[in-house]
Amino acid sequence: MTEDFRAVAIVGMGPEPPEDEDKDKENLFLKREYIRNAAGAGARALQERGIDEIYVDHMLDGEAAAEGATLGVWLEQQFKNYEDQLTESKVFLYEKGDEGKHKEMWEIGFEKAKAQNLSRYLTALLPANIMTPTIFGHHCAEELCPCGVTVEVHDHNWIKSKGMEAFLTVAQGSCEPPVLVELKYTGGGSDDPVVMEQIQSSLVEL
(Lines give C-alpha, C1' and ligand atoms only; values in the text may rest on other atoms or scores of the structure.)
Protein backbone atom coordinates (compact mmCIF):
# COMPACT_ATOMS: atom_id res chain seq x y z
CA MET A 1 0.00 0.00 0.00
CA THR A 2 1.72 3.17 -1.20
CA GLU A 3 -1.19 5.59 -0.99
CA ASP A 4 -1.58 7.89 1.94
CA PHE A 5 -4.91 7.65 3.75
CA ARG A 6 -6.27 9.84 6.51
CA ALA A 7 -7.71 6.81 8.28
CA VAL A 8 -7.90 3.04 7.90
CA ALA A 9 -10.62 0.78 9.28
CA ILE A 10 -9.83 -2.86 10.07
CA VAL A 11 -12.85 -5.11 10.50
CA GLY A 12 -13.40 -8.70 11.58
CA MET A 13 -15.12 -11.10 9.23
CA GLY A 14 -16.66 -13.35 11.86
CA PRO A 15 -16.02 -17.06 12.45
CA GLU A 16 -15.33 -19.35 9.51
CA PRO A 17 -18.41 -21.53 8.88
CA PRO A 18 -17.68 -25.23 9.49
CA GLU A 19 -16.99 -27.38 6.46
CA ASP A 20 -20.12 -29.33 5.65
CA GLU A 21 -20.98 -30.46 2.13
CA ASP A 22 -24.65 -30.65 3.07
CA LYS A 23 -24.60 -26.96 3.99
CA ASP A 24 -22.43 -25.51 1.22
CA LYS A 25 -25.11 -23.07 0.04
CA GLU A 26 -25.92 -22.03 3.60
CA ASN A 27 -22.23 -21.48 4.38
CA LEU A 28 -21.75 -19.44 1.21
CA PHE A 29 -24.66 -17.24 2.25
CA LEU A 30 -23.13 -16.82 5.73
CA LYS A 31 -19.74 -15.87 4.29
CA ARG A 32 -21.31 -13.24 2.05
CA GLU A 33 -23.33 -11.89 4.96
CA TYR A 34 -20.14 -11.63 7.03
CA ILE A 35 -18.55 -9.64 4.21
CA ARG A 36 -21.57 -7.33 3.88
CA ASN A 37 -21.58 -6.67 7.62
CA ALA A 38 -17.84 -6.11 7.79
CA ALA A 39 -17.74 -3.77 4.79
CA GLY A 40 -20.71 -1.83 6.10
CA ALA A 41 -19.27 -1.49 9.61
CA GLY A 42 -15.89 -0.35 8.32
CA ALA A 43 -17.31 2.17 5.87
CA ARG A 44 -19.68 3.57 8.47
CA ALA A 45 -16.86 3.94 11.01
CA LEU A 46 -14.84 5.99 8.52
CA GLN A 47 -17.89 8.06 7.59
CA GLU A 48 -18.42 8.95 11.24
CA ARG A 49 -14.88 10.30 11.25
CA GLY A 50 -15.59 12.64 8.36
CA ILE A 51 -14.07 10.62 5.49
CA ASP A 52 -15.91 11.50 2.27
CA GLU A 53 -14.16 9.06 -0.10
CA ILE A 54 -13.88 5.50 1.20
CA TYR A 55 -11.96 2.78 -0.63
CA VAL A 56 -13.05 -0.75 0.22
CA ASP A 57 -11.17 -4.00 -0.29
CA HIS A 58 -13.08 -6.61 -2.32
CA MET A 59 -12.74 -9.13 0.57
CA LEU A 60 -12.79 -11.95 -2.01
CA ASP A 61 -16.39 -11.08 -2.93
CA GLY A 62 -16.69 -7.71 -4.63
CA GLU A 63 -20.46 -7.89 -4.89
CA ALA A 64 -21.02 -8.46 -1.17
CA ALA A 65 -18.40 -5.85 -0.20
CA ALA A 66 -19.95 -3.19 -2.44
CA GLU A 67 -23.44 -3.96 -1.21
CA GLY A 68 -22.46 -3.80 2.45
CA ALA A 69 -20.39 -0.62 2.14
CA THR A 70 -22.99 1.22 0.08
CA LEU A 71 -25.77 0.29 2.48
CA GLY A 72 -23.57 1.20 5.42
CA VAL A 73 -22.92 4.81 4.42
CA TRP A 74 -26.42 5.63 3.19
CA LEU A 75 -28.03 8.54 5.01
CA GLU A 76 -31.34 10.35 4.97
CA GLN A 77 -30.74 13.47 7.02
CA GLN A 78 -32.52 16.33 5.28
CA PHE A 79 -34.55 16.95 8.43
CA LYS A 80 -31.57 16.96 10.80
CA ASN A 81 -29.89 20.09 12.08
CA TYR A 82 -26.74 20.88 10.12
CA GLU A 83 -24.51 20.31 13.15
CA ASP A 84 -25.98 16.83 13.61
CA GLN A 85 -25.45 15.70 10.02
CA LEU A 86 -22.78 13.18 9.07
CA THR A 87 -20.48 13.36 6.07
CA GLU A 88 -22.06 12.27 2.80
CA SER A 89 -19.53 9.57 1.93
CA LYS A 90 -18.97 7.74 -1.35
CA VAL A 91 -17.51 4.25 -1.57
CA PHE A 92 -15.14 2.89 -4.20
CA LEU A 93 -13.39 -0.39 -4.85
CA TYR A 94 -9.80 -0.28 -3.61
CA GLU A 95 -7.83 -1.40 -6.65
CA LYS A 96 -4.63 -3.18 -5.75
CA GLY A 97 -3.99 -5.17 -8.90
CA ASP A 98 -5.88 -8.37 -8.10
CA GLU A 99 -9.46 -7.17 -8.52
CA GLY A 100 -10.17 -9.04 -11.79
CA LYS A 101 -13.73 -10.32 -11.68
CA HIS A 102 -14.25 -8.56 -8.35
CA LYS A 103 -14.42 -5.22 -10.16
CA GLU A 104 -17.34 -6.38 -12.27
CA MET A 105 -19.03 -7.92 -9.24
CA TRP A 106 -18.47 -4.69 -7.31
CA GLU A 107 -20.60 -2.84 -9.87
CA ILE A 108 -23.36 -5.43 -9.48
CA GLY A 109 -23.33 -5.12 -5.70
CA PHE A 110 -23.27 -1.34 -5.93
CA GLU A 111 -26.39 -1.30 -8.13
CA LYS A 112 -28.17 -3.74 -5.80
CA ALA A 113 -27.44 -1.53 -2.83
CA LYS A 114 -28.58 1.58 -4.70
CA ALA A 115 -31.92 -0.14 -5.35
CA GLN A 116 -32.26 -1.05 -1.67
CA ASN A 117 -31.40 2.49 -0.64
CA LEU A 118 -34.06 3.84 -2.99
CA SER A 119 -36.60 1.57 -1.29
CA ARG A 120 -35.46 2.84 2.09
CA TYR A 121 -35.89 6.41 0.89
CA LEU A 122 -39.38 5.82 -0.50
CA THR A 123 -40.86 3.71 2.28
CA ALA A 124 -39.14 4.07 5.61
CA LEU A 125 -37.84 7.46 6.58
CA LEU A 126 -39.75 10.31 4.98
CA PRO A 127 -42.89 11.60 6.75
CA ALA A 128 -46.18 11.10 4.95
CA ASN A 129 -46.71 14.83 4.44
CA ILE A 130 -43.48 14.89 2.40
CA MET A 131 -43.73 11.55 0.59
CA THR A 132 -47.38 11.79 -0.47
CA PRO A 133 -48.92 9.05 -2.62
CA THR A 134 -48.69 11.26 -5.72
CA ILE A 135 -45.03 12.09 -5.12
CA PHE A 136 -44.37 8.40 -4.43
CA GLY A 137 -45.79 7.52 -7.85
CA HIS A 138 -43.68 10.19 -9.56
CA HIS A 139 -40.53 8.86 -7.88
CA CYS A 140 -41.32 5.31 -9.02
CA ALA A 141 -41.79 6.43 -12.62
CA GLU A 142 -38.68 8.61 -12.62
CA GLU A 143 -36.42 5.91 -11.20
CA LEU A 144 -37.82 2.73 -12.76
CA CYS A 145 -38.95 3.67 -16.27
CA PRO A 146 -35.33 4.17 -17.49
CA CYS A 147 -34.61 0.62 -16.25
CA GLY A 148 -37.24 -0.93 -18.50
CA VAL A 149 -39.94 -1.21 -15.85
CA THR A 150 -43.46 -0.22 -16.87
CA VAL A 151 -44.96 2.04 -14.21
CA GLU A 152 -48.66 2.82 -14.06
CA VAL A 153 -49.97 5.18 -11.40
CA HIS A 154 -53.69 4.54 -10.90
CA ASP A 155 -55.93 7.21 -9.39
CA HIS A 156 -58.97 7.13 -7.10
CA ASN A 157 -61.44 6.37 -9.90
CA TRP A 158 -59.42 3.37 -11.11
CA ILE A 159 -59.10 2.00 -7.57
CA LYS A 160 -62.86 2.39 -7.05
CA SER A 161 -63.62 0.68 -10.36
CA LYS A 162 -61.69 -2.37 -9.15
CA GLY A 163 -63.77 -2.61 -5.99
CA MET A 164 -60.83 -1.94 -3.66
CA GLU A 165 -63.02 -0.44 -0.96
CA ALA A 166 -60.73 -1.38 1.94
CA PHE A 167 -57.90 0.56 0.31
CA LEU A 168 -60.13 3.59 -0.16
CA THR A 169 -61.41 3.38 3.41
CA VAL A 170 -57.87 3.74 4.75
CA ALA A 171 -57.23 6.65 2.39
CA GLN A 172 -60.26 8.54 3.72
CA GLY A 173 -58.19 9.56 6.72
CA SER A 174 -55.97 11.74 4.55
CA CYS A 175 -56.47 14.93 2.58
CA GLU A 176 -54.10 13.49 -0.04
CA PRO A 177 -55.72 11.46 -2.85
CA PRO A 178 -54.73 7.77 -2.89
CA VAL A 179 -52.91 6.17 -5.79
CA LEU A 180 -51.94 2.60 -6.56
CA VAL A 181 -48.63 2.02 -8.30
CA GLU A 182 -48.47 -0.97 -10.64
CA LEU A 183 -45.02 -2.19 -11.72
CA LYS A 184 -44.40 -4.56 -14.62
CA TYR A 185 -41.06 -5.96 -15.71
CA THR A 186 -40.46 -8.59 -18.39
CA GLY A 187 -36.70 -8.53 -18.73
CA GLY A 188 -36.58 -11.81 -20.62
CA GLY A 189 -39.02 -10.65 -23.29
CA SER A 190 -42.79 -10.82 -23.48
CA ASP A 191 -42.71 -14.57 -24.10
CA ASP A 192 -40.32 -15.31 -21.25
CA PRO A 193 -40.92 -13.03 -18.25
CA VAL A 194 -38.30 -13.29 -15.53
CA VAL A 195 -40.16 -11.27 -12.91
CA MET A 196 -43.82 -11.74 -12.12
CA GLU A 197 -46.13 -8.76 -12.37
CA GLN A 198 -46.27 -7.00 -9.02
CA ILE A 199 -48.87 -4.58 -7.74
CA GLN A 200 -47.70 -2.35 -4.92
CA SER A 201 -49.86 0.08 -3.07
CA SER A 202 -48.60 3.54 -2.33
CA LEU A 203 -48.04 5.12 1.02
CA VAL A 204 -51.14 6.65 2.48
CA GLU A 205 -50.88 9.70 4.71
CA LEU A 206 -52.62 9.10 8.02
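Small disclaimer: the values here were computed from a predicted structure and weren't measured.

A. View of the pairing of strand 2 (residues 90–93). Only one face of strand 2 is covered, namely the face carrying Val 91 and Leu 93; the face carrying Lys 90 and Phe 92 is uncovered. Pairing between strand 1 (residues 53–56) and strand 2: four bridges, direction parallel. Its bridge partner lying in strand 2, Ile 54 is registered against Val 91. Handedness of the crossover is the feature at issue here: the chain leaves strand 1, passes through helix 2 (residues 62–73), returns alongside strand 2, and the resulting connection is right-handed.

B. Here's a closer look at the nonpolar core. In terms of nonpolar packing, the biggest core is built from 17 residues, with Ile 54, Val 56, Val 91 and Trp 106 touching the most fellow members. Sorting the residues of this core by element identifies helix 1 (24–47), strand 1, helix 2 and strand 2 as the ones contributing at least two each. With 10 residues, the next largest nonpolar core counts Leu 126, Phe 136, Val 151 and Leu 183 among its residues.

C. Quick look at the confidence of the model for the protein chain. On average, residues of the protein chain score 83 in pLDDT, and 83% of them are at 70 or above. Long-range and interchain partners of residues 194–206, a stretch whose pLDDT sits below 50, account for 39 contacts in this model, where long-range means more than four residues apart.

D. Quick peek at the side chain of His 102. Along the chain, His 102 turns up in helix 3 (residues 101–125). For His 102, a relative accessible area of 11% puts it in the buried group. Leave out the neighbours within four places in its chain, and His 102 touches His 58, Leu 60, Asp 61, Gly 62 and Leu 93.

E. Seen up close, the pattern of salt bridges. Inspection of every chain in the model, using the stated rule, returns 10 salt bridges. Asp 61 is paired through a salt bridge with Arg 32; the nearest N and O atoms lie 2.8 Å apart. Pair noted here: Asp 61 is in the loop between strand 1 and helix 2 and Arg 32 is in helix 1, with a separation of 29 residues, a long-range link. Residues Arg 36 and Glu 67 are paired through a salt bridge, measuring 3.2 Å at the closest nitrogen-oxygen approach. Residue Arg 36 is found in helix 1, and its partner Glu 67 is found in helix 2; the two are separated by 31 residues along the sequence. Taken individually, Arg 36 and Glu 67 each receive the classification buried, so the pair is uniform in this respect. Within this structure, Arg 32, Asp 61, Glu 63 and Lys 112 form a network of salt bridges that share partners.

F. Broad picture of the packing of aromatic side chains. Enumeration according to the criterion identifies three aromatic pairs in this entry. Here Phe 5 and Tyr 55 contribute two aromatic rings whose centre-to-centre distance is 6.4 Å and whose plane-to-plane angle is 55°, an arrangement assigned as tilted. Taken together, the residues Phe 5 in the segment before helix 1 and Tyr 55 in strand 1 connect sequence positions 50 residues apart. Here Tyr 55 and Phe 92 contribute two aromatic rings whose centre-to-centre distance is 5.3 Å and whose plane-to-plane angle is 25°, an arrangement assigned as stacked. In this pair, Tyr 55 is assigned in strand 1 and Phe 92 in strand 2, connecting sequence segments 37 residues apart. The partly exposed category is assigned to Tyr 55, whose relative accessible area is 40%. Aromatic ring contacts, followed pair by pair, group Phe 5, Tyr 55, Phe 92 and Tyr 94 into a single cluster.

What counts and what doesn't
Residues numbered from 1 in each chain as written. Predicted model: local features only at pLDDT ≥ 70, side-chain atom pairs only at ≥ 80, totals over all residues. Heavy atoms only, no water. Buried < 20%, exposed > 50% of the residue type's maximum accessible area, 1.4 Å probe, protein only. Helix = DSSP H or I, 4+ residues; strand = E, 2+ residues; numbered from the N terminus. Pairing = 2+ DSSP bridges. Right-handed = clockwise from strand over helix to strand, strands pointing away. Core = buried A, V, L, I, M, F, W, Y, C linked by side-chain atoms within 4.5 Å. pLDDT = per-residue confidence, 0-100. Contact = heavy atoms within 4.5 Å. Salt bridge = Lys/Arg side-chain N within 4 Å of Asp/Glu carboxyl O. Phe/Tyr/Trp six-rings, centres within 6.5 Å; stacked < 30°, edge-to-face > 60°.

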